[in-house]
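# Analysis of the macromolecular model
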Amino acid sequence: MQAALEARDYSQFRVVPRTPVIGGWIEGCHLSELNERGMADLRDALWTYGALFARKQNLSFDQMKQVALGFGDRLEKHTFAPTMADEGHPEVMVVRKLKTDHAKATTDLWHHDVTARKHPNIMSVLQASEVPFGADTMWASMTSAFDRLPDALKVLFSSIEMEHDSLYLAMRHDFGDEAMIEKIAANREHAVHPAVVGHHATGKPCLFVGNAYIQRIKGYEAEVSEALIKIANDMSKVPELQVRHQWEPGDVAMWDNIGTTHYGVSGDVTSGSRLLHRVAAWSESMKPTAWAGQTATPLKAAA
Ligand SMILES: [Fe+2]
């Protein structure tokens, strides 16, 4: 059992936990003004709290990129979601659903982002411009999810690998129209990752399983594979492992894309449009690797 999160004063901001296991409010800073020391603290805070939230940020796209580049040396360019490429920002993904738009929601799944890639995102920066009533976002701690598993399942999941596939995601969850499916098929991504990943910064085991890209357990028969995947997926649904954010325009949320899953609640889609922007960082030097039962590497204390 991990110790409950506590409030902490860093050099340029303070973090106040939102639940005992996941989520923290960042207070006392504008994210664009953090210097090198502040960014090191922000990394420490993200790996500690899993998801961080800051009000009244209103970051520019360049400022969002600057924050993300504090975590990884590459910025994601999404292969099928809309982006701000036409305005010179292909690294800025758009979550847009107009009030009058009857397209199916595609965010209401518990998932890690873009896991069908060999190098999934390390973290994301998501900022809200417009959000319908009740269209909250939820996160779940997958380090705590692993912690909560019975020992026999910890051993089992630590021994298996999952096949992740972007076309499977689209077909299974009925994403978009035929043109969208063709776009996803043309840029199809497929990767195999361990079901339990040793976190790149903390060394802690993370259950790296979500209900989006995962097609099957490598080498397992379908029935057994599906039953075990459901057990792992359902861990994201445990309320004690979750934090829920009610958005205000200008809010920024950041999350650890290895140690947490997230879920975009649809809310009252008739009450307004949904418009958020996301920038995510990854690195070729950070590929999810199997947890080997190592003890956690202590994080450097921020003096
Ligand atoms: Fe997502």
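See the structure shown above.
Anyway, here's the lowdown on the structure attached to this text. (Residues numbered from 1 in each chain as written. Predicted model: local features only at pLDDT ≥ 70, side-chain atom pairs only at ≥ 80, totals over all residues. Heavy atoms only, no water.)

## Let's talk about the nonpolar core
Put simply, the test is: Nonpolar cores were defined as sets of buried Ala, Val, Leu, Ile, Met, Phe, Trp, Tyr and Cys residues, with membership established by side-chain atoms within 4.5 Å. Residue exposure (1.4 Å probe, protein chains only): buried if accessible area is under 20% of the type maximum, exposed if over 50%, otherwise partly exposed. Where helices and strands are cited, they refer to DSSP runs of H or I of at least four residues and of E of at least two residues respectively, numbered from the N terminus. Any two residues whose heavy atoms approach within 4.5 Å are treated as being in contact.
The biggest cluster of nonpolar side chains holds 38 residues, and the ones touching the most others in it are Ile26, Leu31, Leu42 and Met254. For this core, the elements supplying multiple residues, two or more each, are helix 1 (36-49), strand 4 (51-54), helix 2 (61-68), strand 7 (89-97), strand 8 (123-130), strand 16 (252-256) and strand 18 (274-282). Top element by residues in this core is helix 1. It accounts for six residues. Apart from residues lying up to four places away in sequence, leucine 42 is in contact with Phe13, Ile26, Leu31, Leu34, Leu52, Val67, Phe71 and Met254. Counting 19 residues, the second-largest nonpolar core is a separate cluster that includes Phe146, Met162, Val196 and Val238.

## Regarding the sheet that holds strand 9 (residues 137-141)
So the rule is basically this: Strand pairing is assigned whenever DSSP identifies at least 2 bridges connecting the two strands. Axis geometry follows a simple rule: fit a line to the C-alpha atoms, using only the stretch in contact for helices, then measure angles between N-to-C directions, giving values from 0 to 180 degrees.
Taken together, the three strands give an open sheet; going across it, the order is 15-9-17, and neighbouring strands pair in antiparallel fashion. Only two strands of the sheet have a single partner each, and these edge strands are strand 15 (242-245) and strand 17 (260-264). Strand-to-strand twist in this sheet, taken as the mean axis angle between neighbours without regard to direction, amounts to 20°. Both strand 9 and strand 15 contribute to a ladder of four bridges, which runs antiparallel. Paired with methionine 138 across the strands is arginine 244, a residue of strand 15.

## Overview of empty space enclosed by the protein
Condition: Lining residues are those with an atom within 4 Å of a point, where the points come from a 1 Å grid over the protein atoms alone and group into cavities, where a 1.4 Å probe fits but cannot get out, or pockets, open sets with protein on both sides within 12 Å along at least five of seven lines. Grid points are joined across faces, edges and corners, and a volume is the space filled by probe spheres set on the points. Just so you know the grouping, Ala, Val, Leu, Ile, Met, Phe, Trp, Tyr, Cys and Pro go in nonpolar, Asp, Glu, Lys and Arg go in charged, and all remaining residues, Gly too, go in polar.
A complete count under the given rule lists two cavities of 30 Å³ or more for this structure. Roughly 60 Å³ of volume is contained in the largest cavity. Lining the largest cavity are ten residues, and of these Lys97, Pro132, Ser266, Val269 and Arg274 sit closest to its centre. Tallied by class, the residues present in the lining of the largest cavity amount to four nonpolar, three polar and three charged.

## A closer look at helix 7 (residues 222-234)
What counts here: What a helix should span is 1.5 Å times the count of its residues minus one.
Its 13 residues place the ends of helix 7 18 Å apart at the C-alpha level, agreeing with the 18 Å of an ideal helix rising 1.5 Å per residue. In this structure, the buried side of helix 7 is in contact with helix 3 (142-148), helix 4 (151-157), strand 10 (161-165), strand 13 (205-207) and strand 14 (214-217).

## Thoughts on the coordination of the iron ion
What counts, and what does not: Only N, O and S atoms count as donors, using a 2.8 Å limit from the metal and a wider 3.2 Å limit for Na, K and Ca, and since water is excluded some coordination spheres may look unfilled.
In the first shell of the iron ion, the protein supplies His111 (NE2), Asp113 (OD) and His262 (NE2), at 2.1 to 2.2 Å from the metal. Of note, the donors binding the iron ion are all from one chain and are spaced H-x1-D-x148-H. In this pair, histidine 111 is assigned in the loop between strand 7 and strand 8 and histidine 262 in strand 17, connecting sequence segments 151 residues apart. When sorted by exposure, histidine 111 lands in the same class as histidine 262, which is buried.

## Re the environment of glycine 134
Here glycine 134 shows up in the loop between strand 8 and strand 9. Sequence separation between glycine 134 and asparagine 233 is 99 residues; the distance between their C-alpha atoms is 23 Å. For glycine 134, the contacting residues outside a window of four places in its chain are Arg244, Val265 and Gly267.

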